[in-house]
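Chain by chain, the residues run as shown.
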Amino acid sequence: MTLLAAVAIGVAVAALLVAASRSPERASARPVAWSFAPWPRALLALWHARRARGRAAVGAVAVLQSTCAALRSGLPLVTALRVALERTDPEARAPFESALRAFDLNAALEDALRVAAAEAGDHRLSLALDGLALVAGEQLPATRAAAVIASVADRLSFEERLLAEVHARTSGLRAQIVLLALLVPALAAYLVATMPGLAATLATPLGTHVLVPAAVAFEIAGVLASRAVVRRIAT
């Protein structure tokens, strides 16, 4: 729904700008370089990065479960982790592979896993990597290491189920937030289309460099803040 909100807001703002550019006062003026042009690309990049982290966090459960099974078969931690990553989706194994690459370059396995956990950007990934780092740092035998990793995998599985339930319970609220957020740019586009004076104002440098970018920023910030409030209430 966040992507839908961003796309719809962008469409509404684009309609507003088209209407403003067709006003009589701007008919003979040269085109204006919109100062907020890179924003949609930046937002899309952030959304893709967040989605990738989410998929990696979901895949961390499978990585830990496979590692646990390999440890119970008697393999050491590094070998067990490598075997587990062979059967994992590339996006899910990227944080673990970065730690293994650092280990291959003579870094301590515990330190490599801690660094990967700090750079994970998702608390579920951080928890999985910290669990592996704990096992590596304590140099636990395979059976005890498997028990520790199994407990971490169980906790991540519980959090995944809880998150899915929260999303299901708050889907209606999040949809209402998006619909209410779309009302403002839709009204703005309507006013620009019906009031030439407003269109002329928005077509000036003040409008293109201050008013419209500020409106887009406030709209997106409102959507994100509302969704954050819903998530906190739900949890």
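Residues numbered from 1 in each chain as written. Predicted model: local features only at pLDDT ≥ 70, side-chain atom pairs only at ≥ 80, totals over all residues. Heavy atoms only, no water.

Engineer: Which residues make up the overall build of the protein chain, and what values do they have?
Structural biologist: Of regular secondary structure, the protein chain possesses nine helices and zero strands. Sequence-ordered secondary structure for the protein chain, helices as α and strands as β, is α-α-α-α-α-α-α-α-α. Each of the 235 residues in the protein chain was classed as buried or not, and the buried ones make up 36%. Restricting to contacts in the protein chain with at least 6 residues of sequence separation, those with at least 24 account for 68%. (Helix = DSSP H or I, 4+ residues; strand = E, 2+ residues; numbered from the N terminus. Buried < 20%, exposed > 50% of the residue type's maximum accessible area, 1.4 Å probe, protein only. Contact = heavy atoms within 4.5 Å.)

Engineer: So what's going on with a nonpolar patch on the surface? Residues and values would help.
Structural biologist: Nonpolar side chains collect at one region of the surface, where Tyr190, Leu191 and Met195 lie side by side and expose about 310 Å² of accessible area between them. With respect to the helices, strands and loops of the structure, tyrosine 190 is situated in helix H7 (residues 142-194). (Patch = residues over 30% accessible without salt bridge, like charges linked within 9 Å, V, L, I, M, F, W, Y side chains within 5 Å. Areas by Shrake-Rupley, 256 points an atom, 1.4 Å probe, with all protein chains shown as cover. Salt bridge = Lys/Arg side-chain N within 4 Å of Asp/Glu carboxyl O.)

Engineer: I'd like a description of the pattern of salt bridges, backed by residues and values.
Structural biologist: Two side chains of opposite charge can pair, provided their charged atoms sit close to one another. Counting across every chain of the model gives five salt bridges. Here arginine 82 and aspartate 104 are joined by a salt bridge, their closest N and O atoms 2.6 Å apart. Placement of the pair is arginine 82 in helix H3 (residues 77-86) and aspartate 104 in helix H4 (residues 90-104), with a sequence separation of 22 residues. For arginine 82, a relative accessible area of 32% translates into the label partly exposed.

Engineer: Tell me about the nonpolar core, residues and numbers included.
Structural biologist: In this structure, Leu64, Leu77, Phe96, Leu113, Leu132 and Ile149 are the most contacted members of the largest nonpolar core, which totals 37 residues. Elements with a minimum of two residues in this core: helix H2 (39-72), H3, H4, helix H5 (109-118), helix H6 (123-138) and H7. Looking at this core, the element that brings in the most residues is H2, giving nine residues. With near-sequence residues (within four places) excluded, leucine 77 lies in contact with Thr67, Leu71, Leu109, Leu132, Val135, Ala136 and Ile149. Membership of the second largest hydrophobic core comes to six residues, among which are Val192, Ala199, Leu202 and Val212. (Core = buried A, V, L, I, M, F, W, Y, C linked by side-chain atoms within 4.5 Å.)

Engineer: Talk me through H4; I want residue IDs and the actual numbers.
Structural biologist: Taken as a whole, H4 carries its principal kink of about 35° at phenylalanine 96. Turning to H4, its buried residues number three or more, namely Ala92, Arg93, Pro95, Phe96, Ala99 and Leu100. (Bend = angle between axes of the 7 residues up to and from the residue.)

Engineer: Any chance you could break down H5 for me, citing the residues and the numbers?
Structural biologist: Within H5 the residues assigned to the buried category are Leu109, Ala112, Leu113, Ala116 and Ala117. The buried residues of H5 occupy an angular sector of 135° when projected down its axis, which confines them to one face. The secondary structure elements touched by the buried residues of H5 are H3, H4 and H6. (Arc of directions from axis to C-beta.)

Engineer: Break down the environment of alanine 133 for me, with residues and values.
Structural biologist: For alanine 133, the position within the fold is in helix H6. Taking the C-alpha atoms as reference, alanine 133 lies 7.2 Å from leucine 109; in sequence the two are 24 residues apart. If we ignore the near neighbours within four places in the chain, the residues touching alanine 133 are Glu110, Leu113 and Arg114.

Engineer: If you had to explain the environment of serine 151 to someone new, which residues and values would you point to?
Structural biologist: When you line up the elements, serine 151 lands in helix H7. Put simply, serine 151 and glycine 131 are 20 residues apart on the chain and 9.2 Å apart in space, counted from C-alpha to C-alpha.

Engineer: How would you explain the confidence of the model for the protein chain if you had to name every residue and give the values?
Structural biologist: Scored by pLDDT, the protein chain comes out at a mean of 75, with 73% of its residues at no less than 70. Within the model, pLDDT remains below 50 along residues 1-8, and this stretch shows twelve contacts once partners closer than five positions in the same chain are excluded. In this model, residues 15-37 is a region of pLDDT below 50 whose contacts with residues beyond four sequence positions or in other chains number 33 contacts. (pLDDT = per-residue confidence, 0-100.)

Engineer: Before we move on, could you go through unusual backbone geometry and cite the residues and values that matter?
Structural biologist: One non-glycine residue, asparagine 106, adopts positive backbone phi at about 75°. Here asparagine 106 lies in the loop between H4 and H5. One non-glycine residue with positive phi stands out, namely glutamine 139, at about 50°. You can see glutamine 139 is positioned in the loop between H6 and H7.

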